[in-house]
Amino acid sequence: MDILELLDEIRILASNGLEYADNEYDRERYTRLTELVAEYYGRALELPSSEVRERFRAELGHITPKVGGDGAIFDDSGCILLLRRVDSGTWCLPCGWTEPGEAPLQTVVREVKEETGLDVRPTELVGLFPRPAGGINGPHAVISVLYLCEVEGGSLACSSEGLELRYWEIDEVPVWYAHHERLARAARDAIGDVATSD
């Protein structure tokens, strides 16, 4: 098991335990677990444990996975639009976290516009894709909500989050971000399913 996946699970158990604990002894135990997680998260991510604890305190209530919206945009030749990330140099679909009060479908439209300059219309829900926390995936468990999208306007323009935008053959992408190869292949399969049913 990846150390970040383990720490994320312990953090969630401790945070939820603190939320529902009804005696001081349990609260002390869950608090200690939270302190240990902050210390080892800090070591793994090279952050001061005090900063990690502050980030944990910002999460209120019952801890659940983060939700993100991802958009799959294909050109006429079947290549998929990808963004090369500033933070890692890896390639990903346009994506982002769902904001409070926002449906994942709205997230996709907003994030695609912000990251690519394109106006899109989500046409089909491809699926929900869980991603555990981990060294490759990042420190939080995530559920990605993936939509096929059609371009309706705008012009291709890279945001500050990207180094480059490019349409790729899926098999030729040099290095993928987290689980985005899985998302891209699922989107391509969905296009095939739509074509077969027509």
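Look up: the structure comes first, before these words.
Residues numbered from 1 in each chain as written. Predicted model: local features only at pLDDT ≥ 70, side-chain atom pairs only at ≥ 80, totals over all residues. Heavy atoms only, no water.

Trainee: Please clarify how the pattern of salt bridges should be interpreted in this entry.
Mentor: It is possible for side chains of opposite charge to pair when their charged atoms get near one another. Here the structure, examined in full by the defined rule, presents 14 salt bridges. The residue arginine 110 makes a salt bridge to glutamate 111 at a minimum N-O spacing of 2.9 Å. Given a relative accessible area of 7%, glutamate 111 falls into the buried group. Here arginine 110 ties to glutamate 114 by a salt bridge, and the two come within 3.5 Å at their closest N and O atoms. Residue arginine 110 and its partner glutamate 114 are both found in helix H4 (residues 104–116); the two are separated by four residues, about one turn of the helix. By relative accessible area, glutamate 114 is classed as partly exposed at 40%. In this structure, a network of salt bridges that share partners links the residues Glu102, Arg110, Glu111 and Glu114. (Salt bridge = Lys/Arg side-chain N within 4 Å of Asp/Glu carboxyl O. Buried < 20%, exposed > 50% of the residue type's maximum accessible area, 1.4 Å probe, protein only. Helix = DSSP H or I, 4+ residues; strand = E, 2+ residues; numbered from the N terminus.)

Trainee: Would you explain the environment of glutamate 150 in this entry?
Mentor: In this structure, glutamate 150 sits in strand E6 (residues 142–154). Overall, the relative accessible area of 41% leaves glutamate 150 in the partly exposed class. In the structure, glutamate 150 is positioned 32 residues away from leucine 118 in sequence and 9.7 Å away in space, judged by C-alpha atoms. Sequence-distant contacts of glutamate 150, defined by excluding residues within four places in its chain, comprise Asp119, Val120, Arg121 and Thr123. Of the polar contacts made by the side chain of glutamate 150, one reaches the side chain of arginine 121; its length is 2.8 Å. (Contact = heavy atoms within 4.5 Å. Polar contact = N/O pair within 3.5 Å; in protein donor to acceptor, adjacent residues only side chain to side chain.)

Trainee: Mind showing me how you'd approach the side chain of serine 159 here?
Mentor: Position of serine 159 among the secondary structure elements: in the loop between E6 and strand E7 (162–168). Since its relative accessible area comes to 18%, serine 159 is described here as buried. At a separation of 3.1 Å, a polar atom in the side chain of serine 159 contacts the main-chain amide nitrogen of glutamate 161. Excluding anything up to four places from it in sequence, serine 159 contacts Glu114 and Glu115.

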